[in-house]
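Each chain is listed here by its residues.
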Amino acid sequence: MSQFPNACFIKSANALEQFPPDTGVEVAVAGRSNSGKSSAINVIVNRRQFARTSKTPGRTQLVNFFSLREEQRLVDLPGYGFARVSEAMRQHWGELLSGYFQIRRSLNGLLLIVDIRRQLTDHDRRMIRFAEDVDLPIHVLLTKADKLKRGQVATSVLKVRKELSDRSTVQAFSATKRHGEEDARAKLDEFLERVRAK
Ligand SMILES: Nc1nc2c(ncn2[C@@H]2O[C@H](COP(=O)(O)OP(=O)(O)OP(=O)(O)O)[C@@H](O)[C@H]2O)c(=O)[nH]1
Ligand SMILES: [Mg+2]
């Protein structure tokens, strides 16, 4: 059974003015394009095709808001690092994301989805900085762990942990094998229930 039986899509937006009201709490999910964000969301929420998945990188070019429970939202941010995006588009999203982190009072945590084979990129580090600048906790899901051998998974986890501040956390994850789903869900719940210092 899903822990979020009433989860549903709220809306897509591509400007701050289109975002739903800044009330309650929300957790943002960010990651490189094609890193496996939508797949991870589907596993964590335990609904197939909840957030769409695609084999074409860059499909999710909007900020997608989902309701998990009353006044609890999940926000699927547009994937970054997609090569075939114009400079103007890149700038639009850069400003939108930094603005979002700075003004959004309901934002309570960041789930950062990283392909375990690629490690952190400069784009990921920028998201980490946005979150750390406003004191948000970060949980990194090193996903597609099914693609690596166990020893390599452990090495990757350690390497990423070294780059994070003490209050941030990291785990291996696989949407395909549903590996690490309980830990990821527990972290999401922790972020949703966290009381943010105002
Ligand atoms: N082997 C493996 N493949 C995965 C995993 N998670 C996602 N994928 C595959 O990776 C591709 C991208 O997955 P998505 O979940 O659509 O990635 P995304 O980050 O939402 O992509 P965009 O929204 O396009 O930026 C798809 O072909 C998925 O099937 C995983 O844990 N293991
Ligand atoms: Mg997606």
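What counts, and at which threshold
Residues numbered from 1 in each chain as written. Chains lettered and ligands numbered in written order. Predicted model: local features only at pLDDT ≥ 70, side-chain atom pairs only at ≥ 80, totals over all residues. Heavy atoms only, no water. Pairing = 2+ DSSP bridges. Helix = DSSP H or I, 4+ residues; strand = E, 2+ residues; numbered from the N terminus. Axes fitted to C-alpha atoms, helices over the stretch in contact; angles between N-to-C directions. Contact = heavy atoms within 4.5 Å. Phe/Tyr/Trp six-rings, centres within 6.5 Å; stacked < 30°, edge-to-face > 60°. Buried < 20%, exposed > 50% of the residue type's maximum accessible area, 1.4 Å probe, protein only.

Caption draft 1: A look at the sheet that holds strand S6 (residues 138-143). Read from one edge of the open sheet, 7 strands run S1-S3-S4-S2-S5-S6-S7, paired in mixed fashion. Strands at the two margins of the open sheet, each flanked by one partner only, are strand S1 (8-13) and strand S7 (169-172). Averaged over all adjacent pairs, the angle separating strand axes in this sheet is 20°, with direction ignored. Sheet topology note: the S1/strand S3 (residues 63-69) ladder contains 5 bridges and is antiparallel. Following the sheet pairing, Ser12 is matched in S3 by Asn64. Strand contacts of helix H3 (residues 122-133): strand S2 (25-31), strand S5 (107-115) and S6, with the helix running at about 165° to S5, the strand carrying the most contacts. Contacting S2, S3, strand S4 (72-76), S5, S6 and S7, helix H5 (residues 181-193) runs over the sheet at an angle of about 155° to S5.

Caption draft 2: Region of the structure containing the packing of aromatic side chains. Under the counting rule described, the total for this entry stands at 6 aromatic pairs. Relative to Phe66, the ring of Phe9 lies with its centre 5.6 Å away and its plane at 65°, an arrangement referred to as edge-to-face. Note that Phe9 is positioned in strand S1 and Phe66 in strand S3, a separation of 57 residues in sequence. Look at Phe9 and you get partly exposed, because its relative accessible area is 45%. Looking at Phe66, the relative accessible area reads 3%, which means it is buried. Their ring planes at 75° and their centres at 5.6 Å tell us that Tyr100 and Phe101 sit as a pair that is edge-to-face. Per residue, the accessibility class of Tyr100 equals that of Phe101, and both read buried.

Any link to function would need more than the numbers given here.
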